[in-house]
Amino acid sequence: MSDCCLGSPSPKKLVKVNSCCEPDLPAHDDPEHDHGSKKDYLLWGSLSICVIFYALHLLAPALLPSFAQYFAHSIFEMLNTLWWGVLLGLIFVGLLANIPKNLVLSVLGKGGTFNGLLRATAAGVLLDLCSHGILMVGTKLYQKGASLGQVMAFLIASPWNSFSLTLIMFALIGVKWTLAFIGVSMVIAIISGWIFDRCVAKKILPANPNAFELDDNFTFWPEARKQWASIHWSFDTVKTIAREGASGSRMVLRWLLFGVVLAALIRTFVSVEFFQQWFGPSVIGLVFTLIAATVIEVCSEGSAPIAADLLNRAQAPGNAFTFMMAGVSTDYTEIMVLKETTKSWKISLFLPLITLPQIIAVGYVMNGL
């Protein structure tokens, strides 16, 4: 038995130990189970509304008054757009929950370094998930020990830079603007991650309490092959992954479903024409785009057509970029999940504080091209 496995847990706290002898949080301190002892009214209330109106739109839309029909249609449309990203996010979270920290961090590189930020940004771009699916994975990476800068770079680069959405964007706005959007978003992700890591180093923001140093002699592929060979695939294994995914994603689902309800209300009572009227390539148009991106809760796939209209119809490429990026930076789902994951309002509010000035500056320059 290795040294890391020696010793016994304190009799006052029951500690879970994983297969690699890495102590996890005490059972009653586990952030994934914060709501196990009390009724989660936000989650179950939002879920009930979504299920009821989804079913009504599907089965009996004519029974509803016109405004309720539109509300139900919005719920129906958003859930149909979100489900695949959320499902993949649940699977990734379930898998990550069972992957040792050293494997995860060896892929991301050392926290607080430029190489680590580059790897986290690349992972965010390449992982084919929507903004809400990626948020689930980002919270798990934080719990696995990734630095705050790496988590932020991963989240900022991820939301719409997936392979599938890139192909959609090629068709909607062309190759030139799509590649420009991707390149600039990666730069913003790296810069923002670097600023977050510097804030942690200067103790302006709290460091990740889950962080640990990776052994210099650790090699990824031999350990990965060893872990893979040790897996005994069975129905129980799949059940464990599903259970871990659902448990680890609960806080995201809570705010996601609430966001769907809120966005449906906005779509019902605030006309699209009102927003389109104020979305021109001007400072006022940029400001209104920022406001709209803040209040309209849309997933990455849902934001793409709106961004395409801003670029093609309003002739405002900067507004299109701002809508896609600011929608993530000011997304209350993301801010609330970051707060619950990191236990820090300061960290969650630093996301818009650090990213928005960069996004607005880039949007202004793009509108002038």
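The text that follows walks through the structure, step by step, so that each part is easy to find. (Residues numbered from 1 in each chain as written. Predicted model: local features only at pLDDT ≥ 70, side-chain atom pairs only at ≥ 80, totals over all residues. Heavy atoms only, no water.)

## Points about the overall build of the chain
Phase 1: Each helix and strand counted, the chain has 17 helices and 2 strands in total.
Phase 2: For the chain, the proportion of its 369 residues judged to be buried stands at 49%.
Phase 3: Long-range pairs, those at least 24 residues apart, make up 78% of the contacts in the chain between residues at least 6 apart in sequence.
Phase 4: Total accessible area computed for the chain in this model is approximately 18100 Å², and 69% of it derives from carbon and sulfur atoms. (Helix = DSSP H or I, 4+ residues; strand = E, 2+ residues; numbered from the N terminus. Buried < 20%, exposed > 50% of the residue type's maximum accessible area, 1.4 Å probe, protein only. Contact = heavy atoms within 4.5 Å. Areas by Shrake-Rupley, 256 points an atom, 1.4 Å probe, with all protein chains shown as cover.)

## Details of the pattern of salt bridges
Phase 1: Evaluated as defined, the whole model comprises 1 salt bridge.
Phase 2: Asp236 is paired through a salt bridge with Lys239; the nearest N and O atoms lie 3.9 Å apart. Here Asp236 and its partner Lys239 are both found in helix H10 (residues 235–248), 3 residues apart, which amounts to about one turn of the helix.
Phase 3: On the basis of relative accessible area, Asp236 is assigned to the partly exposed category, the value being 49%. (Salt bridge = Lys/Arg side-chain N within 4 Å of Asp/Glu carboxyl O.)

## A closer look at the packing of helix H16 (residues 332–342) against helix H17 (residues 345–367)
Phase 1: Across the interface, H16 lies against H17 with an axial gap of 7 Å and an inter-helix angle of 150°. In the packing of H16 onto H17, the handedness of the crossing is right-handed. Between H16, through Glu334, Ile335, Met336, Leu338, Lys339 and Thr342, and H17, the contact on the second element is made entirely by Trp345, Ile347, Ser348, Leu349, Leu351 and Pro352.
Phase 2: Taken together, the residues that form the contact of H16 with H17 break down as 8 nonpolar, 2 polar and 2 charged. (Axes fitted to C-alpha atoms, helices over the stretch in contact; angles between N-to-C directions. Left-handed = near helix turned anticlockwise from the far one by under 90°. Nonpolar A, V, L, I, M, F, W, Y, C, P; charged D, E, K, R; others polar.)

## Observations concerning the packing of aromatic side chains
Phase 1: Considering all chains together, one arrives at 5 aromatic pairs under this definition.
Phase 2: When the centroid spacing of 5.4 Å and the interplanar angle of 65° are considered together, the rings of Phe181 and Phe321 count as edge-to-face. Taken together, the positions of Phe181 in helix H8 (residues 175–201) and Phe321 in helix H15 (residues 317–329) put the pair 140 residues apart, joining distant regions of the chain. Phe321 carries the same exposure label as Phe181, and that label is buried. (Phe/Tyr/Trp six-rings, centres within 6.5 Å; stacked < 30°, edge-to-face > 60°.)

## Structural notes on the side chain of Gln150
Phase 1: Take Gln150: it is sitting in helix H6 (residues 148–157).
Phase 2: A distance of 3.0 Å separates a polar side-chain atom of Gln150 from the backbone nitrogen of Ser147.
Phase 3: Excluding residues that lie within four positions of it along the chain, Gln150 makes contacts with Leu108, Gly109, Lys110, Gly111, Gly116, Leu117, Ala120 and Asp197. (Polar contact = N/O pair within 3.5 Å; in protein donor to acceptor, adjacent residues only side chain to side chain.)

## Thoughts on the environment of Phe196
Phase 1: Within the element layout of this structure, Phe196 appears in helix H8.
Phase 2: We classify Phe196 as buried; its relative accessible area is 0%.
Phase 3: For the pair Phe196 and Pro206, spaced 10 residues apart in sequence, the C-alpha separation works out to 10.0 Å.
Phase 4: Non-local contacts of Phe196, meaning those with residues more than four positions away in its chain, are made with Leu148, Gly149, Met152, Leu205, Ile347, Phe350, Leu351 and Ile354.

## Considering unusual backbone geometry
Phase 1: The phi angle at Lys203 is positive, at roughly 65°, despite the residue not being glycine.
Phase 2: In this fold, Lys203 is placed in the loop between H8 and helix H9 (220–229).
Phase 3: For Lys343, which is not a glycine, the phi torsion comes out positive at approximately 60°.
Phase 4: Looking at the element boundaries, Lys343 is found in the loop between H16 and H17.
Phase 5: Owing to a relative accessible area of 53%, Lys343 belongs among the exposed residues under this scheme.

## Section: H6
Within an α-helix, residues lying three or four positions from one another point in the same direction, as the helix has 3.6 residues per turn.
Phase 1: Of all 10 residues in H6, 10 are buried, a share of seventy percent or more.
Phase 2: Residues of H6 that are buried include every one of Leu148, Gly149, Gln150, Val151, Met152, Ala153, Phe154, Leu155, Ile156 and Ala157, and no others.

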